[in-house]
Each structure stands twice: as C-alpha cells, then as structure tokens.
Protein chains: 2
Amino acid sequence: MTRERSYSGLIARLKVGGLRPTRQRLALARLLFEREDRHLTAEQLHSEALEADVRVSVATVYNTLHQFTKVGLLREVVVEPGRSYFDTNVDDHHHFYFESTGDLQDIPKDQLHVAELPEPPGGTRIARVDVVVRVQDIEP
Amino acid sequence: MTRERSYSGLIARLKVGGLRPTRQRLALARLLFEREDRHLTAEQLHSEALEADVRVSVATVYNTLHQFTKVGLLREVVVEPGRSYFDTNVDDHHHFYFESTGDLQDIPKDQLHVAELPEPPGGTRIARVDVVVRVQDIEP
DNA sequence: CAACAGTTTAGAACTATTCCAAACTATTTT
DNA sequence: AAAATAGTTTGGAATAGTTCTAAACTGTTG
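All of these numbers come straight from a predicted model, not from anything done at the bench.

**Observations regarding the pairing of strand β5 (residues 103–108) of chain B**
Residue and element names in this part refer to chain B.
- Bridging between strand β4 (residues 93–98) and β5 involves six bridges; their strand directions are antiparallel. Counterpart to H95 in the pairing with β5 is D106.
- Between β4 and β5, which pair antiparallel one after the other, the connecting turn spans four residues, and G102 there sits at a positive phi close to 80 degrees.

Right, here's the structure in full:
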C-alpha cells in the first residue's frame, strides 16, 4: 500500500532523509499528507498553515517543500510559468491541467501510457517522463 | 512542407493574425524563423536582437512572443519554474529537457507515442498533450 | 548541560514578467 | 498627401514568485 503514511512514519521518513523533525516540518507534513493527493503551491501551503495557526515563514515553506522533494516525499510539477506545484503523490503518474482554473488532477499510471520512448542522447539517461494533458472548457 | 517560411510569407501570416508588420515584429520574426527549430526565452531573444543591432525593448519582445504564440507562429513550453521557452516548431511534437544545461530538444511526433489517453472530465476537451522527457547526465 | 550543527526567520534582494501612460507609426479616411 | 485613427512601442515602475542572508533559535550529541 503506497498510501500508508502515518505521523510517526513521517518522522522516520524525515530522519532517513537527514531532516530533523522540527515543529514546522511536522506541521507542514501534516497539512500536506493528512489529506489525499494534493497539488499545492508554496503560497497555498503557507496560507493553510497560517489558517491552521501554524506559525511558519514563507522561507521555511519553500525550504521545506524543496527538502521534502529531494527526499522523495513530494514531487514538483511545472505546468505554468512562474508557479510551481508540489504533488503529494510521488507514485508514477501524470496530470490533467485545467487551463481555466489552474487546477491539476492526477492521471493514474495505468490510464495513460507512453510508447516508443526514444533513446536519450549519449551520456544522458532519462530521469523522468512528464505528461501534461492540457484541458480547456468546451464553451469558453 | 511544414518548414517553408519565407519572409513575405511571414508578413502574410502576421496580417492573418491581425498583427501589423512593424519593424520590430519583422526583425524578431527573422531572428526566430531564419534558423531551424529554436527554443528561446524572452531574454535570449532580446539579447540576440541587441547583438543584431535591432533596437527593441524587453516589453516588446514579450508582447511579440505572446502575440506570435496566439497566432500560432510559436508555442510556449514550460519545463522550468520561472522561465518560459518559446518553440519555433509548432508541429505536433515533444521535448527532451536536459536538466544540467536547461536546454530543450525536439522529439518528433513519430518517435514518441502517447497511448490510452483518458477521457477528459465532463465539460472539457483536450487542448494539447505535452510530454517532457527529463534527462540528466550519467556521471553527475 | 555545553557545544555544535542544523533550522527558522524577517526582510532584503532577485528574476522573470507585466503594466503604464506617453510617444510613435502604420493604415485609413478625406 | 495631410489628417484622423487605431494599433504599437517604449522606458521605467510595478508585481509575483522565489531565493538569499545573517542573526536568533532549537534539536542532537557527547
């Protein structure tokens, strides 16, 4: 079960990544992982934190998002210039991107398949394949 | 032949898009389309223009890139937060993205195929499918 | 519990991009 | 071909998202 993420499990995961389980990191982790798959910007997470009476600075939100990403707890998704989304689902999957609202929605791995991947140029290897299905309203 | 793009053809294309063929737009169009497929940021194009003794403001470079994109002469590619690339190849195709250098390289349509596209959610239709194959150096 | 290394913070700094209102230019009208 | 007009360009200011910085703070280790 990839969806298993208990609170204490998180502490463990942070430790593995060499990150101390601080008040801020734990609070942000709860906000991020206590709900199902989410796609959040740094600003959105910061607002949520303030609303939940978690005092964190913007800088810390950014630091934390990047550290979590490095450790594999999050995945960064780029679909829009000038805004990064962080995806709490780190399984292999792709995205619908709703141009009208700016929302993202997961497309599970088995619902979309990339065939005939070309060889990467010499000296390089494929780190990841991102598919973004851009969707727009039918009556704009 | 999709690669056919003469200078006068450009004037025609601009007219179709309702864009006057001004000095700046024509100069930028030459820089963009007189070489083969390119992936440029606004800043890069602005530098090239200055080097080529084409006096244009940054604002105009941005305006022009967006107008060209709207008219279908360019395609915007987002792979990196905080930076937009404009692709002179508007045919159906995908990209390699070199994480070490930030470069983009086209993957022709026939070298990569997306199978089993899921249905877009009700009330929406697929505007475009972007595949980015992120590639990294083997010995980092 | 002292010492150290890692963390947080406010605010400044930075980068890419957009906005603005005035000056300018291509096109249309007369 | 001059005047009227509508679309363009421009420098600089403004904005948005993100990163940096140096000082204060906190978790961990010995």
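So that's the structure; there's more coming.
**Description of the sheet that holds β4 of chain B**
- A sheet is described by the order of its strands in space; here six strands give the open sequence β5(A)-β4(A)-β7(A)-β7(B)-β4(B)-β5(B), paired in mixed fashion. Edge positions in the sheet fall to β5 (103–108) of chain A together with β5 of chain B, since each of these pairs with one other strand and no more. Between one strand axis and the next, the sheet turns through 30 degrees on average, direction left out of account.

**Here's the deal with the protein's contact with DNA strand C**
- In the vicinity of DNA strand C there are 21 residues, among which T22, Q24, R25 and T60 of chain A together with Y62 of chain B approach most closely.
- Put simply, the parts of the chain that give the surface near DNA strand C at least two residues each are α2 (23–33) and α4 (58–71) of chain A together with α4 (58–71) and β3 (83–87) of chain B.
- Within the surface near DNA strand C, the residues separate by chemical class into six nonpolar, eight polar and seven charged.

**Section: the relation of the copies chain A and chain B**
- Taken as rigid bodies, chain A and chain B are interconverted by a rotation of 180 degrees and an axial shift of 0.0 Å, the fit giving an RMSD of 0.0 Å. What we have between these two chains is a two-fold relation.
- Comparing contact sets, 100% of the residues at the interface of chain A also lie at the interface in chain B, consistent with an isologous, same-surface contact.

**Topic: the pattern of salt bridges**
- As enumerated under the stated definition, the model contains 16 salt bridges over all chains in all.
- As a salt-bridge pair, E34 of chain A and R30 of chain A come within 3.3 Å of each other at their nearest N and O atoms.
- The exposure class assigned to E34 of chain A is exposed, which follows from its relative accessible area of 58%.
- With relative accessibility at 38%, the residue R30 of chain A sits in the partly exposed group.
- Where D130 of chain A meets R128 of chain A, a salt bridge forms, and the shortest distance between an N and an O atom there is 2.9 Å.
- Residue D130 of chain A is classed as buried on the basis of its relative accessible area, which comes to 10%.
- What emerges from the salt-bridge pattern is a single network uniting R75, R128 and D130 of chain A together with R134 of chain B.

Reading the values: the criteria
Residues numbered from 1 in each chain as written. Chains lettered and ligands numbered in written order. Predicted model: local features only at pLDDT ≥ 70, side-chain atom pairs only at ≥ 80, totals over all residues. Heavy atoms only, no water. Pairing = 2+ DSSP bridges. Helix = DSSP H or I, 4+ residues; strand = E, 2+ residues; numbered from the N terminus. Axes fitted to C-alpha atoms, helices over the stretch in contact; angles between N-to-C directions. Near = heavy atom within 4 Å. Nonpolar A, V, L, I, M, F, W, Y, C, P; charged D, E, K, R; others polar. Least-squares fit on C-alpha atoms with pLDDT ≥ 70 in both. Contact = heavy atoms within 4.5 Å. Salt bridge = Lys/Arg side-chain N within 4 Å of Asp/Glu carboxyl O. Buried < 20%, exposed > 50% of the residue type's maximum accessible area, 1.4 Å probe, protein only.

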